[in-house]
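Remarks on the overall topology
So the chains spell out like this:
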Amino acid sequence: MYSTTVLTDFVAQHYLTVPDPGPEGVPHSHHYEVELTFRGPELNEYDYLVDIDDAEAALAEIADRYRDELLNDQPKFAGDNPSVERFARVIFDIVTDIVTDDTVTELTVTVWEDDEAAASYDAAV
């Protein structure tokens, strides 16, 4: 299985909407780092798994959409707790709409909200 990973980072804000969220219940910032790991068993005719330009375009779309924004106010989080786990899934859906290489069979999105905490979402594409 081949894999290719690309990443970006940006600052965004959120607050948790769960019962008794403590200090996480007020708006606060995170310096998010987003890793996209594409996997697949075959390379394309040019010996690439994924078009890096497409992957970087997906990262740019994500960073542009969420940089300096309050996640709670974004349509993709409507009615949901904007946890780092939920954020990973939202990003997965965006990326799979942009990156459509036939050689990619799986994608893992890992979102780091600081140096110690991250969550991932992975699935077949």
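Residues numbered from 1 in each chain as written. Predicted model: local features only at pLDDT ≥ 70, side-chain atom pairs only at ≥ 80, totals over all residues. Heavy atoms only, no water.

**With respect to the overall build of the protein chain**
Here is the rule: Helix and strand definitions here come from DSSP, where helices need a minimum of 4 consecutive H or I residues and strands a minimum of 2 consecutive E residues; each element is numbered from the N-terminal end. Each radius of gyration reported is based on C-alpha atoms, and the globular scaling rule is 2.2 Å times the count of residues to the power 0.38. Partly exposed residues are those whose accessible area sits between 20% and 50% of the maximum for their type, while under 20% is buried and over 50% is exposed, using a 1.4 Å probe and protein chains only. Whether two residues are in contact is decided by their heavy atoms, any of which lying within 4.5 Å being enough. Surface exposure here means Shrake-Rupley accessible area, sampled with a 1.4 Å probe, where a residue is shielded only by the protein chains that are shown. His is not counted here, nor are the chain ends, while Lys and Arg score as positive and Asp and Glu score as negative. Lys charges are placed at NZ, Arg charges at CZ, Asp charges at CG and Glu charges at CD.
For the protein chain, the helix and strand inventory stands at two helices and four strands. Counting from the amino terminus, helix and strand elements in the protein chain follow one another as β-β-α-α-β-β. Against the 2.2 N^0.38 benchmark of 14 Å for 125 residues, the protein chain shows a C-alpha radius of gyration of 15 Å, consistent with a compact globule. For the protein chain, the spread of C-alpha atoms along the principal axes amounts to about 50 × 25 × 25 Å. A burial count over the protein chain gives 39% of its 125 residues as buried. Across the protein chain, contacts joining residues at least 24 apart in sequence account for 66% of those joining residues at least 6 apart. In the structure as shown, the protein chain presents an accessible area of about 6900 Å², 45% of it carried by carbon and sulfur atoms. Taken as two groups, the 6 positive and 29 negative side-chain charges of the protein chain have centres that lie 7 Å from each other.

**Some words on the sheet that holds strand 2 (residues 28–40)**
Within a beta sheet, neighbouring strands are joined by backbone hydrogen bonds and run either parallel or antiparallel to one another. Cut-off, in case you're wondering: At least two DSSP bridges between two strands are required for those strands to pair. Here an angle of 0 to 180 degrees is reported between the N-to-C directions of two axes, which are lines fitted to C-alpha atoms, with helices fitted over the stretch in contact.
Pairing in this open sheet of four strands is antiparallel, and the strands run 1-2-3-4 from one edge to the other. With one partner strand each, in any of the chains shown, strand 1 (2–14) and strand 4 (118–124) form the two edges of the open sheet. Averaged over neighbouring strand pairs, the angle between their axes works out to 15° when direction is ignored. In this sheet, strand 4 lies alongside strand 3 (residues 106–112) in antiparallel orientation, the contact comprising seven bridges. Bridge pairing links Val-109 to Tyr-121 in strand 4. Sheet strands in contact with helix 1 (residues 52–66) are strand 1 and strand 2, and its direction is about 10° off that of strand 1. On the sheet, helix 2 (residues 84–98) packs against strand 1, strand 2, strand 3 and strand 4 and is oriented at approximately 140° with respect to strand 3.

**Digging into the pattern of salt bridges**
Applicable threshold: Any carboxyl oxygen of Asp or Glu within 4 Å of a side-chain nitrogen of Lys or Arg constitutes a salt bridge here.
The final tally for this structure, using the stated rule, is six salt bridges. Here Asp-122 ties to Arg-39 by a salt bridge, and the two come within 3.9 Å at their closest N and O atoms. Here Arg-39 lies in strand 2 and Asp-122 lies in strand 4, a separation of 83 residues in the sequence. Asp-122 sits in the partly exposed class, given a relative accessible area of 47%. For the salt bridge of Glu-61 with Arg-65, the shortest nitrogen-to-oxygen distance reads 2.6 Å. Of this pair, Glu-61 and Arg-65 both sit in helix 1, separated by four residues, roughly a single helical turn. Residue Glu-61 is classed as partly exposed on the basis of its relative accessible area, which comes to 31%. Given a relative accessible area of 29%, Arg-65 falls into the partly exposed group.

**With respect to the nonpolar core**
Within soluble globular proteins, side chains that are nonpolar tend to cluster in buried spots. The criterion, for reference: Residues belong to a common nonpolar core when they are buried Ala, Val, Leu, Ile, Met, Phe, Trp, Tyr or Cys residues joined through side-chain atoms within 4.5 Å.
In this structure, Leu-36 and Phe-38 are the most contacted members of the largest nonpolar core, which totals 31 residues. Listed by contribution, the elements that provide at least two residues to this core are strand 1, strand 2, helix 1, helix 2 and strand 3. With eight residues, helix 2 is the largest single contributor of residues to this core. Leave out the neighbours within four places in its chain, and Leu-36 touches Thr-4, Thr-5, Val-6, Ala-55, Leu-59, Ile-91, Val-95, Leu-107, Thr-108 and Val-109.

Purely geometric stuff here, so don't read any function into it on its own.
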